[in-house]
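# Notes for the structure review
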Amino acid sequence: MTAPSAPVIDAEGVGKEFVLRRRTRGLRRAATRVPAVSEVSFTVRPGETVGYLGPNGAGKSTTLKMLVGILTPTAGRLRVAGLEPARQRTELAYRIGVVFGQRTTLWWDLPLRDSFALLRRMYRVPAAEHRARLEELVELLELAPFLATPVRQLSLGQRMRGDLTAALLHDPSLLVLDEPTIGLDVVSKAAVRDFLRRMNAERGTTILLTTHDLGDVERLCRRVMVIDHGRVAFDGDLAGLRALAPVPRTLVVDLAAPAPPIDVPGARVIRTDGPRQWLELAGNPAAVIARVSHDHEIADLTLREPDIEDVVTRLYRERPDPSAPAIAGDVRHNVE
Ligand SMILES: Nc1ncnc2c1ncn2[C@@H]1O[C@H](COP(=O)(O)OP(=O)(O)OP(=O)(O)O)[C@@H](O)[C@H]1O
């Protein structure tokens, strides 16, 4: 067991370079080096909830795969729960829970209940302990009606709840999640987020997750790390990231009929398409909405929050050199 204050994750200059060999016209094979992650250094302390964010191809999944021992770093030193993941992958499996949103660890043709029973044997969890934990997870995730259903017949949201249960049955102290809400509807997303918050608050489970969904970050992550070009570009909280890279909200207005660009204080039209107009908001959305509704006949209105891509793009516009040192935000290593 690691001491309570010891970091759950300790990464020091961790890098991963893929070497791709392609046969060229002759017999020689040309090697191309792909630096997926470059010298990433960070620690995560027990009880933290960390969003590991970045644009497509930034190196998030590669980092997660190194953390859980699927990939071996080509540089640096990595410890997870005090273990070296690639070398001590089996021992590590008892300490961590892993969910890759696009895949399942459950047995496709087996009822959920049987997958859980198999996992109990794999992790050698005592029967009474397993029963108690399963009961708790099934209740929290409202899985009782699906326990007898083969995994292939579950909806994506039901399957994700099953995967979360599978990842937590052996009571790991660290949960690593790759896009845990991808493809889920609003209700399922809310259920997954609420559940993860509870696990963190009540059991102290440390959570590291990648996501493209700003809602996941807002609801779950007290700390945010942005990675791009394989480097940590920001480490702090969401408010700090937003302050560094402010992205305005957009009001999408469907007018009853096409009209000239709407002219109201606190907003400017950035796009029009027939009766639809996009307004970038500078001030209070309520005042703008009231004014637009007063001046025009409205068919529909939607307030669009910036997504993570918008925030990260803005961050890079402010700081275009990816080799520059990370912007240190308000990093909080302690449980709040
Ligand atoms: N097995 C591999 N072999 C060669 N290159 C790889 C391999 N896996 C990833 N890469 C490359 O490493 C870089 C980082 O990929 P990675 O999947 O870690 O990004 P990501 O941040 O998870 O992206 P996304 O948000 O799209 O999932 C990319 O350039 C990718 O093409």
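Residues numbered from 1 in each chain as written. Predicted model: local features only at pLDDT ≥ 70, side-chain atom pairs only at ≥ 80, totals over all residues.

## Some details on the domain arrangement of the chain
By the assigned domains, the chain splits into domain 1 (9–245 + 321–328) and domain 2 (250–305). Measuring from the centre of the C-alpha atoms in domain 1 to the corresponding centre in domain 2 gives 39 Å. (Domains from an automatic or database assignment.)

## Quick word on the sheet that holds strand β11 (residues 267–273)
Backbone hydrogen bonds are what pair the strands of a sheet, in a parallel or an antiparallel way. Here four strands make up an open sheet; going across it, the order is β11-β12-β10-β13 and the pairing antiparallel. One side of each edge strand has no neighbouring strand; the edge strands of this open sheet are β11 and β13 (298–304). Averaged over all neighbouring strand pairs, the angle between strand axes comes to 20°, with direction disregarded. Of the pairings in the sheet, the one linking strand β10 (residues 250–255) to strand β12 (residues 276–281) comprises five bridges and is antiparallel in character. Among the inter-strand pairings, threonine 250 is bridged to a residue of β12, identified as glutamate 280. (Pairing = 2+ DSSP bridges. Helix = DSSP H or I, 4+ residues; strand = E, 2+ residues; numbered from the N terminus. Axes fitted to C-alpha atoms, helices over the stretch in contact; angles between N-to-C directions.)

## What about the environment of alanine 290?
Within the fold, alanine 290 resides in helix α9 (residues 285–295). Of the residues examined, alanine 290 has 12 C-beta atoms within 10 Å and is grouped as exposed. For the pair formed by alanine 290 and aspartate 216, sequence separation is 74 residues and the distance between their alpha carbons is 30 Å. (Buried ≥ 20, exposed ≤ 12 C-beta atoms within 10 Å, placed from the backbone.)

## Overview of helix α4 (residues 127–140)
With 14 residues, α4 should reach 20 Å at 1.5 Å per residue; the first-to-last C-alpha distance of 20 Å fits that figure. The complete set of buried residues in α4 reads His130, Leu134, Leu137 and Val138. The buried residues of α4 occupy an angular sector of 100° when projected down its axis, which confines them to one face. Structural note: α4 exposes Ala128, Ala132, Glu135 and Glu139 on the side pointing more than 90 degrees away from its buried face. Contact partners of the buried residues in α4: α3 (112–122) and α5 (156–168). (Expected span 1.5 Å × (residues − 1). Arc of directions from axis to C-beta. Contact = placed C-beta atoms within 7 Å.)

## Regarding the pairing of strand β9 (residues 231–236)
Counting buried residues in β9 gives six out of six residues, a clear majority hidden from the surface. Here strand β8 (residues 223–228) runs beside β9; their pairing, made up of five bridges, is antiparallel. If you follow valine 224 over to β9, its bridge partner there is glycine 236. The hairpin formed by β8 and β9 contains two residues between the paired strands, and histidine 229 there has a positive phi angle of roughly 50°.

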